[in-house]
Amino acid sequence: MSSDGTTARTPRLAETLRLAGRSLRHRNFRLFTVGQSVSVIGTWMQQVAIGWLVYRLTDSPFLLGLVGFVSHGPVFLLAPIAGVVADRFDRRRIVIITQVLMMLQASLLAILILTDTITVAWIIGLMAVLGALSGFDIPARQAFLTEMVGGRDDLPNAIALNSSMFNAARLVGPAIAGFVIAAVGEGICILINAVSYIAVLASLGMMRFPGRRRPTATGAMLGHLAEGFRYAFGFGPIRAILGLVALTSLVGVPFSVLLPVVATNVLGGDARTLGLLLAATGLGALAGALFLASRRTVRGLGRLIVFAGALFGACLIGVAVSRTMWLSLVVLTGAGFGMMVQMAASNTVLQTVVDDDKRGRIMSLYSMAYIGTTPLGSLFAGMIATRLGTPITIALGGAACIGGAGLFARKLPRLRAQVRPIYARLGILPEVASGIQAATHQHTPEPPGG
């Protein structure tokens, strides 16, 4: 070994990279990652363009919040039904249909902007359509991950890598969008998004599932819906995780819809400033997702959820008090890290403990908690910011996130005890699993004639 420790560090780095990318050994997941990476860059470009366009046309924080509300509000209403659909029908086909319709929505939006016929009413209507499509797309796509990686073993890594891809795009997309908007306007950003859907549709079409067992549509949909709610809210760990995710999404995550106000009124910048602020958030989120991808096990994620939630809240308070660009970029990076680690870790725990036949419904409730409550928060944030100002609104949300993380921490010992038998059955607690197997072997009588 060299004196600087290079020989020792190189194998450790190689092992870390191997662990971080292990789910990419599955061909279907590799295809999805490549196609979705291109598409999500376009999605982030559109999100920045819409926020900037609305604020340019109206100069209204309330209308920013309203557009955020209609963009994701339908998820809250439609996700439970979409979860039942995802458990009863072909998930890949559902995702293909929703992606085609999203491409058409983006194309129409781009045409209206480029022909200078866009109005705030058109924006609200078309973003509501996008929200409705997302309500069906997100639960199906989340539940589809386990099919792409062939089971549970690589699922936590796939979730983390999927989050990494999403946040790498979050880092690149807003930065590109800021310069594109400044150069040629919002319409081109949204046109680029429409074209980007071709990549993900091509990847979905190239996937192969030999011997795949498709869901069977049996029984009443309302009965399946009620069963999913009973299952989720009757089990303490699922209920507690969904509650913390919903609180964070309601009071914390909506800070992003107020960033155009931060960029202009607080920091005195322009569209490029907004792009940099969003890119800093994306950089932190990407770091958080890669951190999770390099973990070997889901054990310890409960403590990580608490830490990440508190970090997110503290960094939001930092955003509220900052009046300089460099400090805002630093605390937004921390906010992105905390938000992503909390949400992705919560997703991983839920997908690990859930029964396979209820995966779509639990992912629909996660979508409700994470994405469905954010629009309500965006609407409230816009209203509060109009009265109290943007910095105070963001600070109040950060304080509430810290409080929620504290309550979750108090419940954590009891939640661990409830999850422990599931982890043991899945082999996640090998010492417990080995003990159970040994005890079973010792107390199982030999078959006759053995």
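Conventions we followed
Numbering of residues begins from 1 in every chain and follows the order in which that chain's sequence is written. Under the rules for a predicted model, residues below a pLDDT of 70 receive no local features and side-chain atom pairs below 80 are neither given nor counted, while totals for whole chains, interfaces and linings still include all residues. Calculation of side-chain values draws on the structure's entire complement of heavy atoms; hydrogens and water are dropped beforehand. Whenever Lys or Arg places a side-chain nitrogen within 4 Å of a carboxyl oxygen from Asp or Glu, that contact is recorded as a salt bridge. Secondary structure is summarised from DSSP: a helix means a run of H or I of at least four residues, a strand means a run of E of at least two, and numbering begins at the N terminus for each. Each residue is placed in one exposure class: buried if its accessible area under a 1.4 Å probe, protein chains only, is under 20% of its type's maximum, exposed if it is over 50%, and partly exposed if it falls in between. Planes of paired rings set the category: under 30 degrees apart is stacked, over 60 is edge-to-face and the rest tilted, where pairs are Phe, Tyr or Trp rings (Trp by its six-membered ring) whose centres lie within 6.5 Å. To estimate how far a helix should extend, the number of its residues minus one is multiplied by 1.5 Å. Any two residues whose heavy atoms approach within 4.5 Å at even a single point are treated as in contact. The predictor rates its confidence in each residue with pLDDT, a number between 0 and 100. Here an axis means a line fitted to C-alpha atoms, over the contact stretch when the element is a helix, while the angle between two N-to-C directions is reported on a 0 to 180 degree scale. Any angle from 65 to 115 degrees is called roughly perpendicular, while one under 35 is roughly parallel, one over 145 is roughly antiparallel, and all others are oblique. Lys, Arg, Asp and Glu make up the charged group, whereas Ala, Val, Leu, Ile, Met, Phe, Trp, Tyr, Cys and Pro make up the nonpolar group; the residues left over, Gly among them, are polar. Like-charged residues within 9 Å of one another, or nonpolar side chains (Val, Leu, Ile, Met, Phe, Trp, Tyr) within 5 Å, are grouped into patches, provided each residue has over 30% relative accessible area and no salt bridge. Accessibility throughout is a Shrake-Rupley quantity obtained with a 1.4 Å probe, and a residue counts as covered only by protein chains that appear here.

Student: Just checking my understanding: could you explain the pattern of salt bridges for this structure?
Tutor: Note on pairing: side chains with opposite charge can pair once their charged atoms come close. Within this structure, the stated rule accounts for six salt bridges. Here Arg56 ties to Glu186 by a salt bridge, and the two come within 2.9 Å at their closest N and O atoms. One end of the pair, Arg56, is in helix α2 (residues 27–58); the other, Glu186, is in helix α7 (residues 186–206), with 130 residues separating them in the sequence. For Glu186, a relative accessible area of 6% puts it in the buried group. Notably, a salt bridge pairs Asp87 with Arg91, separated by 3.0 Å at the nearest N-O pair. Just as Asp87 is buried, Arg91 falls in that class too. Counted as one network, the salt bridges with shared partners bring together Asp87, Arg91, Glu147 and Arg361.

Student: How do you make sense of the packing of aromatic side chains when you look at a structure like this?
Tutor: Note on aromatic pairs: each is described by the distance of the centres and the angle between the planes. If you walk through the whole model with that rule in mind, you get three aromatic pairs. Residues Phe291 and Phe337 carry aromatic rings whose centres are separated by 6.1 Å and whose planes lie at 40° to one another, so their mutual orientation is tilted. Here the residue Phe291 occupies a position in helix α11 (residues 271–293), and Phe337 occupies one in helix α13 (residues 325–353), the gap between them amounting to 46 residues. By relative accessible area, which is 22% here, Phe337 ends up partly exposed.

Student: Is there a simple way to explain helix α9 (residues 236–251) in this structure?
Tutor: Each full turn of the α-helix corresponds to 3.6 residues, which orients residues three or four apart in the same direction. Along its 16 residues, α9 runs 23 Å from first to last C-alpha, staying within 8% of the 22 Å computed at 1.5 Å per residue. Within the span of α9, buried status applies to Gly236, Pro237, Ile238, Ala240, Ile241, Leu242, Leu244, Val245, Thr248 and Ser249.

Student: Even after reading the chapter, I still don't get the environment of Cys315, so can you show me in this structure?
Tutor: In this fold, Cys315 is placed in helix α12 (residues 301–321). Counting along the chain gives 21 residues from Cys315 to Gly336, while the straight-line C-alpha distance between them is 8.9 Å. Beyond its immediate stretch of four places on either side in the chain, Cys315 contacts Val331, Gly334 and Ala335.

Student: Help me understand the confidence of the model for the chain, please; the structure alone is not making it clear to me.
Tutor: The predicted coordinates should not be examined in detail at positions where pLDDT is low. Here the chain averages 81 in pLDDT, while 85% of its residues score no lower than 70. Taken together, the stretch residues 430–450 has pLDDT below 50 and engages in eight contacts with residues farther than four places along the chain or on a different chain.

Student: What should I look at first to understand the packing of α9 against helix α14 (residues 359–372) in this one?
Tutor: What describes two packed helices is the angle between their axes and the distance between those same axes. Direction vectors running N to C along α9 and α14 enclose 30°, while the axes themselves pass 7 Å from each other. By the angle between their directions, the pair α9 and α14 is classed as roughly parallel. Within the contact between the two elements, α9 uses Leu242, Val245, Ala246 and Ser249 and α14 uses Leu365, Tyr366, Ala369 and Tyr370. Class assignment for the residues of the contact of α9 with α14 results in seven nonpolar, one polar and no charged.

Student: So what exactly am I meant to see when it comes to a nonpolar patch on the surface here?
Tutor: On the surface, a cluster of nonpolar side chains totalling about 690 Å² of accessible area is made up of Phe62, Leu250, Phe380, Met383, Ile384, Leu388, Ile392 and Leu396. Broken down by secondary-structure element, the contributors of at least two residues to the nonpolar patch are α15 (374–388) and α16 (390–426). Per-element tally for the nonpolar patch: the top contributor is α15, with four residues. Mapped onto the elements, Ile392 comes out in helix α16.

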